[in-house]
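# Secondary and tertiary structure notes
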Amino acid sequence: HKCTGVLIEVNATELKQFDKREKGYDRVEIELHHVYPISENHEDDLEHIVLRTAHDRRSSSKDDTENNKDEDDHEKPLSVAKVWVYLPKQGTPANHKYPIMQSYVDIIVRGCLGISEEFTRKFLETTHGWWHDDHDGNGNEEDSGSGSGSPSPQYIWVDDRHAPYYIRADEEWSKEMKHIVDQYLHESQAESFKKRMHLDRLESNVSESDE
């Protein structure tokens, strides 16, 4: 799978802080030849040490020769140009007990839009897990828990904008930008977007089942 992200430069102390914060994740190194700029047409991206090194290593593997590298006073040694990504220790897909919350998606999309429209589209297109048929996330069709043997609720994505669950949600931004965000989501994940459940409808279903 491809994944669209942002390169953030950190020092050794900051990296340790990230490790502590992301203790539920494993930090995994990505081989640089797997790292590409958002668009191959963006020549300016090759000014970045990581992207330039990644480009050089791909070229070297094709030519089976060492590329000549220009020395810059500000250029870092290639040996310290490393890229890591944090991956969940247990990669359980979203499910009806732990669904994708739209309030969280909105914050992510807001960050993407702060970079560019192209980045936003690429990010959404290369993000997976918006919908799957395994509603408990482990390949099983779970019961609702009522003992009736009824199938689990058919949702893993919830629109909670009017009563956000995400602690860092920006309700005002979501209210103002929801139509734009939804347009991007519909363009990139049309089938999954149709299955997104509104929180009002979800709460109504819960109330009816409780009665």
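Right, let's walk through the structure included here. (Residues numbered from 1 in each chain as written. Predicted model: local features only at pLDDT ≥ 70, side-chain atom pairs only at ≥ 80, totals over all residues. Heavy atoms only, no water.)

Side chains of nonpolar character tend, in soluble globular proteins, to be buried together. Ranked by internal contacts, the top residues of the largest apolar core, which has 17 residues, are Ile100, Val105, Leu124, Trp130, Trp157, Val181 and Leu185. Counting only elements with at least two residues in this core, the list comes to α3 (102-113), α4 (117-125) and α5 (171-188). Element by element, the count of residues in this core is highest for α5, at 5 residues. Setting aside residues up to four positions removed in sequence, Trp130 forms contacts with Ile100, Val105, Leu124, Ile156, Trp157, Leu185, Gln189 and Ser192. With 8 residues, the next largest nonpolar core counts Val35, Val50, Leu51 and Val83 among its residues. (Core = buried A, V, L, I, M, F, W, Y, C linked by side-chain atoms within 4.5 Å. Buried < 20%, exposed > 50% of the residue type's maximum accessible area, 1.4 Å probe, protein only. Helix = DSSP H or I, 4+ residues; strand = E, 2+ residues; numbered from the N terminus. Contact = heavy atoms within 4.5 Å.)

Turning to the sheet that holds strand β3 (residues 100-101), a few remarks are in order. Spatial ordering of the open sheet is given by β3-β4-β5, a layout of 3 strands whose pairing is parallel. A single partner strand is all that each edge strand has here, and the edge strands are β3 and β5 (197-198). (Pairing = 2+ DSSP bridges.)

With that out of the way, let us pick up the packing of α3 against α5. As a packed pair, α3 and α5 sit with axes 10 Å apart at the nearest point and diverge in direction by 80 degrees. Relative to α5, α3 is oriented roughly perpendicular. Counted together, Gln102, Val105, Asp106, Val109, Arg110 and Leu113 of α3 and Trp173, Ser174, Met177, Val181, Tyr184 and Leu185 of α5 form the full contact between these two elements. Residues of the contact of α3 with α5, tallied by class, amount to 8 nonpolar, 2 polar and 2 charged. (Axes fitted to C-alpha atoms, helices over the stretch in contact; angles between N-to-C directions. Parallel < 35°, antiparallel > 145°, perpendicular 65-115°, else oblique. Nonpolar A, V, L, I, M, F, W, Y, C, P; charged D, E, K, R; others polar.)

With 12 residues, α3 ought to run about 16 Å at 1.5 Å a step, and its terminal C-alpha atoms sit 16 Å apart, in line with that. Those residues of α3 that fall on the buried side of the exposure criterion are Gln102, Ser103, Val105, Asp106, Ile107, Val109 and Cys112. Packed against the buried residues of α3 are β3, α4, β4 (157-159) and α5. (Expected span 1.5 Å × (residues − 1).)

Positionally, Asp160 belongs in the loop between β4 and α5. For Asp160, which is buried and forms no salt bridge, the nearest opposite charge comes from Arg161, at a distance of 6.8 Å. Sequence-distant contacts of Asp160, defined by excluding residues within four places in its chain, comprise Met101, Gln102, Ser103, Tyr165, Tyr166 and Leu199. (Lys, Arg positive; Asp, Glu negative; His and termini not counted. Salt bridge = Lys/Arg side-chain N within 4 Å of Asp/Glu carboxyl O.)

Bringing the pattern of salt bridges into the picture now. Under the criterion given, the structure shown has 12 salt bridges. Between Arg196 and Asp182 there is a salt bridge; the shortest N-O distance is 3.1 Å. One end of the pair, Arg196, is in the loop between α6 (190-194) and β5; the other, Asp182, is in helix α5, with 14 residues separating them in the sequence. The partner of Glu191 in a salt bridge is Lys194, and the shortest N-O contact between them spans 3.4 Å. Of this pair, Glu191 and Lys194 are both found in helix α6, 3 residues apart, which corresponds to roughly one turn of the helix.

Moving on, we get to the packing of aromatic side chains. Overall, the coordinates contain 5 aromatic pairs when judged by the stated rule. Aromatic side chains Tyr104 and Tyr166 sit 4.9 Å apart centroid to centroid with 85 degrees between the ring planes, which places their arrangement in the edge-to-face category. Here Tyr104 is found in helix α3, whereas its partner Tyr166 is found in the loop between β4 and α5, with 62 residues between them in sequence. Geometrically, the ring pair formed by Trp130 and Trp157 is tilted, given 4.8 Å between the ring centres and 40 degrees between the ring planes. Here Trp130, found in the loop between α4 and β4, pairs with Trp157, found in strand β4; they are 27 residues apart in sequence, far enough to count as distant. We note that Trp130, like Trp157, is buried. Feature note: the residues Trp130, Trp157 and Phe193 constitute an aromatic cluster, connected by ring pairs. The aromatic ring of Trp84 is capped on one face by Arg27, whose charged end is 4.8 Å from the ring centroid. Above the ring of Tyr36, the side-chain terminus of Arg58 is found at 3.8 Å from the ring centroid. (Phe/Tyr/Trp six-rings, centres within 6.5 Å; stacked < 30°, edge-to-face > 60°. Lys NZ or Arg CZ within 6 Å of the ring centre and 35° of its normal.)

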